[in-house]
Amino acid sequence: MNNYKLVILSSGYGSNLQSIIDKLHLQDGIEVCVIVSDKASQSITRGLLANIPCLFLPKRKSQSREEYDKLLKALIIPFAPDLIVLAGFMRIFSPVFIRAFEGKIINIHPSLLPKYKGLNTHQRVIDAKDKMHGTTIHYVDETLDGGEIIAQKRIDVLPFDTAETLEQTIKSIEHTFYPEIIRKLCLKATLL
Ligand code: GRF
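Per chain, the residues get numbers from 1 upward, laid out in the order the sequence is written. With the structure being a predicted model, the display of local features is reserved for residues of pLDDT at least 70 and the display and counting of side-chain atom pairs for 80 or more, all residues being used for whole-chain, interface and lining totals. Values reported for side chains reflect all heavy atoms of the structure, with hydrogen atoms and water molecules removed beforehand.

J.: Where do I start with the overall build of the protein in this structure?
T.: Put simply, DSSP H or I for four residues or longer makes a helix, DSSP E for two residues or longer makes a strand, and each gets a number counted from the N terminus. When you go through the protein residue by residue, the secondary structure sums to 6 helices and 7 strands. Scanning the protein from its N terminus toward the C terminus, one meets helices and strands in the order β-α-β-α-β-α-β-α-β-α-β-β-α. Our radius of gyration is a C-alpha quantity, and the globule rule it is checked against amounts to 2.2 Å times the number of residues to the power 0.38. A compact globule built from 192 residues should have a C-alpha radius of gyration of about 16 Å, and the protein, at 16 Å, falls within 12% of that. Across its three principal directions, the C-alpha atoms of the protein cover 50 × 45 × 30 Å. Across the 192 residues that make up the protein, the buried fraction comes to 47%. Working rule for contacts: check all heavy atoms of both residues, and any pair within 4.5 Å makes them a contact. Within the protein, contacts between residues separated by at least 24 positions form 64% of all contacts whose residues are at least 6 apart in sequence. Carbon and sulfur atoms form 55% of the exposed surface of the protein, whose accessible area is close to 9800 Å². A positive count includes Lys and Arg, and a negative count includes Asp and Glu. His and the chain ends are not counted in either. Lysine's charge is taken at NZ, arginine's at CZ, aspartate's at CG and glutamate's at CD. Both charge centroids of the protein, one from 24 positive and one from 21 negative side chains, sit 2 Å from each other. Throughout this description, buried means an accessible area under 20% of the type-specific maximum (1.4 Å probe, protein chains only), exposed means over 50%, and partly exposed covers the range between. Note on areas: these come from Shrake-Rupley sampling with a 1.4 Å probe, and a residue is covered only by the protein chains present in the view.

Next up, the structure:
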C-alpha cells in the first residue's frame, strides 16, 4: 500500500482518535500526519504521547466561522491529506473549508442518520422509546451531520438501557468500526 495521509480533527476526549492511532497509525502505509484541536483537550495529549504533531487552533470570539475555517484550511493544506477524519470535532464547516477538501472529509455520528442529527442523540433515542440505535460514518458537507452515508452499525436498545449505557455501547462499537472503514477507504483509494 502507498503512503496514505490522514489529518484528524478532534475537540474532546479523543477515544475515537486513540483507536485510530492504535489500529492504523504507521500500519499498512497509513500515517496520521497531524492532529488539530480547537480546544485544549485530551486529544492533543493523546497525539503528543504517540509522537504525532498536534496543532491547537482555538476559535477567537471576534472570528467568524468563515475566518476560522480559512485559517484551518491554511494549516491543513501543507500536509496534503488524503482524508480528513473528524473524531469528535464539534464544529460545522463553512463552504470555504468543504470546497477545499471536497469528498475527503468524513465524520462519525452516534445515531442512525438521518435520525437525530446534532447533540444528545442517546437521550433522544431513550425519550423516543426507539428499539434500534446505532452509529453512522458519513462524508461531511456544509450541513449539520449531513453528507452521503458511507456505513452504519445498528444495535438493539434494551429495556434497561439509559443514555449512559447507550453511549458506552456505541463508543465501543465505534472504536472498531471507524478504523475499519477508514482502512477500507485507504485501500480503495490506493487500488484506484
Ligand atoms: C463520539 O460519540 C462520536 O460518535 C461523536 O463524538 C464522540 C466523540 O467521542 N462524533 P470521543 O471524543 O472520540 O471519545
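J.: Help me out: how do you make sense of the sheet that holds strand β5 (residues 105-109) in this one?
T.: The strands that make up a sheet are held in pairs by hydrogen bonds between backbone atoms, and each pair lies either parallel or antiparallel. When DSSP finds two or more bridges between two strands, those strands count as paired. Taking strand neighbours across the sheet as the criterion, the 7 strands line up as β3-β2-β1-β4-β5-β6-β7 in an open arrangement whose pairing is mixed. Taken across any chain shown, the strands that pair with only one partner, and hence form the sheet edges, are β3 (54-56) and β7 (149-156). Across the sheet, the mean angle separating the axes of adjacent strands is 20° when strand polarity is ignored. In terms of strand pairing, strand β2 (residues 30-37) meets β3 through 3 bridges, oriented parallel. Each residue of the ladder has a partner; that of Ser37, found in β3, is Phe56. Each axis is a line fitted through C-alpha atoms, taken for helices only over the stretch in contact, and angles between the N-to-C directions span 0 to 180 degrees. Against the sheet, helix α1 (residues 15-24) makes contact with β1 (4-9), β2 and β4 (83-86), and its axis sits at roughly 160° relative to β2, the strand it touches most. Running at roughly 150° to β1, helix α3 (residues 65-76) makes contact with β1, β2, β3 and β4 of the sheet.

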